[in-house]
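Each chain is listed here by its residues.
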Amino acid sequence: MDNTFQALECDTDILMIGKDTFTVERFKELTVEKIQISFKEQFIVHKANNNFNQNIHSYSMFNLFSRNIIKIVDKSVEFKLENIELIFPPEGMECKVLKLGNSEWQTGKMRIHVMVAESSVRVIKLEFCYDEPPQQESPLDDIRQRENYQQLLNNQ
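What counts as what
Residues numbered from 1 in each chain as written. Predicted model: local features only at pLDDT ≥ 70, side-chain atom pairs only at ≥ 80, totals over all residues. Heavy atoms only, no water. Pairing = 2+ DSSP bridges. Helix = DSSP H or I, 4+ residues; strand = E, 2+ residues; numbered from the N terminus. Contact = heavy atoms within 4.5 Å. Axes fitted to C-alpha atoms, helices over the stretch in contact; angles between N-to-C directions. Salt bridge = Lys/Arg side-chain N within 4 Å of Asp/Glu carboxyl O. Buried < 20%, exposed > 50% of the residue type's maximum accessible area, 1.4 Å probe, protein only.

Student: When you look at the sheet that holds strand β8 (residues 83-98) in this model, what are you seeing that I'm missing?
Tutor: Within a beta sheet, neighbouring strands are joined by backbone hydrogen bonds and run either parallel or antiparallel to one another. With antiparallel pairing, the six strands of this open sheet are ordered in space as β1-β10-β9-β8-β2-β3. Because the sheet does not close on itself, it has two edges, and the strands there are β1 (6-7) and β3 (20-23). In this structure, β1 lies alongside strand β10 (residues 120-130), joined through two bridges in antiparallel fashion. Across the sheet, the residue bridging to Gln-6 is Phe-128, located in β10. Against the sheet, helix α1 (residues 24-40) touches β2 (14-17), β3, β8, β9 (106-117) and β10, its axis set at about 130° to β10.

Student: So what exactly am I meant to see when it comes to the pattern of salt bridges here?
Tutor: Close approach of charged atoms allows side chains of opposite charge to pair. Summed over the entire model, instances satisfying the criterion amount to six salt bridges. Ionic pairing is found between Lys-109 and Glu-94, a salt bridge with its closest N-O pair at 3.8 Å. With Lys-109 in strand β9 and Glu-94 in strand β8, this residue pair connects regions lying 15 residues apart in the sequence. A residue is classified by how much of its surface remains accessible, and Glu-94, at 51% relative accessible area, is exposed. As a salt-bridge pair, Glu-127 and Arg-111 come within 2.6 Å of each other at their nearest N and O atoms. Of this pair, Glu-127 sits in strand β10 while Arg-111 sits in strand β9, placing them 16 residues apart in sequence. By relative accessible area, Glu-127 is classed as buried at 8%.

See below:
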């Protein structure tokens, strides 16, 4: 495996993850739905005040992203964390893909690119890294297999 990830661009290709199968399009939809639910769930941040009592503040992940600003070199350079791209898992997850027009599953690893912006999540793309690169078929392969083409080759 050469660890080169390629975009899965055909939404009708089929993914098999474990025992479950999805079209690429449906997997993207489910991923966005589940991430939005996870990010919007409330979690508790404990903050100690001067009296060593704990104040409890509840934030969604979206609120944290939209409120955070990274300041570099005092206040002269600021970056607002408002558009964040997540890639997970970075090393990929075991998966099989059945591309439209192929008759065999290809094994490899898939990773997901997600964009978090303001209060929305969207899948930018799915990428796949083949265990064994798919063999490129030439459009001329069918012609080369025909009997009359073989005879032409033998007559030269």
